[in-house]
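# Understanding the architecture of this molecule
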Amino acid sequence: MVHQYSSQPRLSPSGYEEDIRAVLAPRLAYFEAVARHEHVTRAAHELGVPQSTLSRAMVRLEQDLGVALFARRGRTVSLTPAGRTFLGSAERALTEVEKAADSVRADADPTGGKVAFGFLHTMGSETVPALIRAFRADHPRVRFQLVQNYGEAMIERLRAGGLDLCLTSPVPDAPDLVAMRLDEQRLRLVVPDDHRLAGRRRVRLAEAADETFVTLEPGYGLRRITDDLCAEAGFTPRVAFEGEEAETLRGLVAAGLGVALLPPPAVARPGVVELTVTAPRAAREIGVAWLDGHPDTPPVAAFKQFLLSRRGSLLPD
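Residues numbered from 1 in each chain as written. Predicted model: local features only at pLDDT ≥ 70, side-chain atom pairs only at ≥ 80, totals over all residues. Heavy atoms only, no water.

### With respect to helix α6 (residues 127-136)
Along α6, the residues classified as buried are T127, V128, L131, I132 and F135. Angular distribution of buried residues about the axis of α6 spans 125°; they occupy a single face of the element. Where α6 is buried, its residues contact β3 (114-119), β4 (143-148), β5 (165-168) and α10 (298-309). (Buried < 20%, exposed > 50% of the residue type's maximum accessible area, 1.4 Å probe, protein only. Helix = DSSP H or I, 4+ residues; strand = E, 2+ residues; numbered from the N terminus. Arc of directions from axis to C-beta. Contact = heavy atoms within 4.5 Å.)

Encoded structure:
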């Protein structure tokens, strides 16, 4: 039987790029099997499809491409030069699909899968390493992709599918997210060790109304909390420096460049004194968030349950 092929593809020119993917993708494995066996019946047997179905699929593929891929002699076929060129690309595409399938299966493996976990910079030196160490005591092969960032950036990444879970503050309230409060962290007024308030143990935030503040940049959760607490104390902070990391701010305080509202450090830093704020109550809630309705792989589900079990004891004493 002789097949005639137009020099033009049957797909409409206006939708060719979109249509060609839909046409080719389901047929690549068929084409690769026929090309490898050079025999339609043997390829059909391997694929578990009727020989007539496979023959029609190859004819339609050639018609849609407008190119003869095979020279036919009964059920035996051989590749044309165009077919050999197409086979190389088809094999590479199928190999990439296999790699992608292996990767997502590995990430979902209950014992050795992956968790993409985001958290605040201030939790990176002590809290998160302790959490992962405790979790891996029972799940030693689970892998983690760790992302440190500020709250809004992590929520954006969560929505884009780049994170499974994130620890953030304030605890977000959005219809597309599930967020659970896990713990509370007291904030301190950090002053230079030669500051007028350095001899005190406790202070009302209003007593720092005339001070220069060093803060995190706008968009950071701790910056919003700082602004809100100062407003509650009756003043707007005069900000001299804005940064991206709490320990950098402590360094600026130690250098005498201002005061700051910060969570406790993992290790005490020389040159600063950390004062308890008595009014208003200075604290931030820490919570875990994930996309509502997003299915969890077994390792993500296990780590989520572990985090929820740490309510009230998430942070070190």
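After presenting the structure, the write-up continues.
### Considerations on the sheet that holds strand β6 (residues 177-186)
Sheets are built from strands that pair by backbone hydrogen bonding, the pairs being arranged parallel or antiparallel. Ordered by their spatial adjacency, 5 strands build an open sheet running β4-β3-β5-β13-β6, and the pairing between neighbours is mixed. Looking at the sheet topology across the chains shown, the edges are occupied by β4 and β6. Between one strand axis and the next, the sheet turns through 20° on average, direction left out of account. Bridge count between β5 and strand β13 (residues 283-291): 3 bridges; the pairing is antiparallel. Bridge pairing in β13 links C166 to A289. Relative to the sheet, α10 contacts β3, β4, β5, β6 and β13, its axis offset from that of β3 by approximately 40°. (Pairing = 2+ DSSP bridges. Axes fitted to C-alpha atoms, helices over the stretch in contact; angles between N-to-C directions.)

### So, the side chain of T226
Mapping T226 onto the fold places it in helix α8 (residues 221-232). Excluding its chain neighbours within four sequence positions, the residues that come into contact with T226 are T215 and L261.

### Focus: the nonpolar core
Formed by 35 residues in total, the largest nonpolar core has its most connected members in F117, L167, F303, L307 and L314. Mapped by element, the contributors of at least two residues to this core are β3, α6, β4, α7 (151-159), β5, β6, β13 and α10. The contact partners of F117, leaving out residues within four places of it in the chain, are V128, F144, Q145, L146, V147, L163, L165, C166, L167, F303 and L307. (Core = buried A, V, L, I, M, F, W, Y, C linked by side-chain atoms within 4.5 Å.)

### Things to note about empty space enclosed by the protein
Inspection of every chain in the model, using the stated rule, returns 3 cavities of 30 Å³ or more. Within this model, the largest cavity holds a volume of roughly 110 Å³. Across the lining of the largest cavity, the residue classes break down as 6 nonpolar, 6 polar and 3 charged. There is about 60 Å³ of room inside the second largest cavity. Around the second largest cavity, the lining residues are L158, L163, D164, W290, L291, H294, P295, D296, T297 and V300. (1 Å grid on protein atoms, 1.4 Å probe; cavity = no way out; pocket = protein on both sides within 12 Å on 5 of 7 lines; lining within 4 Å. Points joined across faces, edges and corners; volume = space filled by probe spheres on them. Nonpolar A, V, L, I, M, F, W, Y, C, P; charged D, E, K, R; others polar.)

### With respect to the packing of helix α2 (residues 28-37) against helix α3 (residues 40-47)
Describing two packed helices takes the angle between their axes plus the distance from one axis to the other. Running from amino to carboxyl end, α2 crosses α3 at an angle of 130°, the nearest separation of the two axes being 8 Å. Taken together, the axis directions place α2 and α3 in an arrangement best described as oblique. Every pair of crossing elements has a handedness; the one defined by α2 and α3 is right-handed. Contact residues: α2 offers A29, Y30, A33, V34, R36 and H37, while α3 offers V40, R42, A43, E46 and L47. Residues of the contact of α2 with α3, tallied by class, amount to 7 nonpolar, 1 polar and 3 charged. (Parallel < 35°, antiparallel > 145°, perpendicular 65-115°, else oblique. Left-handed = near helix turned anticlockwise from the far one by under 90°.)

### A few points about α8
With 12 residues, α8 should cover 16 Å at 1.5 Å per step; its first-to-last C-alpha distance of 17 Å lies within 8% of that length. Within the span of α8, buried status applies to G221, L222, R223, I225, T226, L229 and C230. Where α8 is buried, its residues touch β9 (212-216), β10 (238-243), β11 (260-262) and β13. Immediately downstream of α8, the backbone of G234 shows phi near 100°, a positive value. (Expected span 1.5 Å × (residues − 1).)

### Thoughts on the pairing of β13
In terms of burial, β13 is a largely internal element, 8 of the 9 residues being buried. Note: β6 against β13, 9 bridges, orientation antiparallel. Following the sheet pairing, R181 is matched in β13 by G287.

### What about the sheet that holds strand β12 (residues 272-279)?
Strand order in this open sheet of 4 strands is β8-β12-β7-β11, and the pairing throughout is mixed. The sheet is open, and its two edges are formed by β8 (202-204) and β11, each paired on a single side. The average angle at which neighbouring strand axes cross in this sheet is 45°, direction not considered. Across 5 bridges, the pairing between strand β7 (residues 188-192) and β12 is antiparallel.

### Re the environment of P270
The residue P270 is located in the loop between β11 and β12 in this model. Relative accessible area serves as the criterion here: at 67%, P270 is assigned to the exposed category. With 190 residues separating them in the primary sequence, P270 and T80 have C-alpha atoms 76 Å apart.

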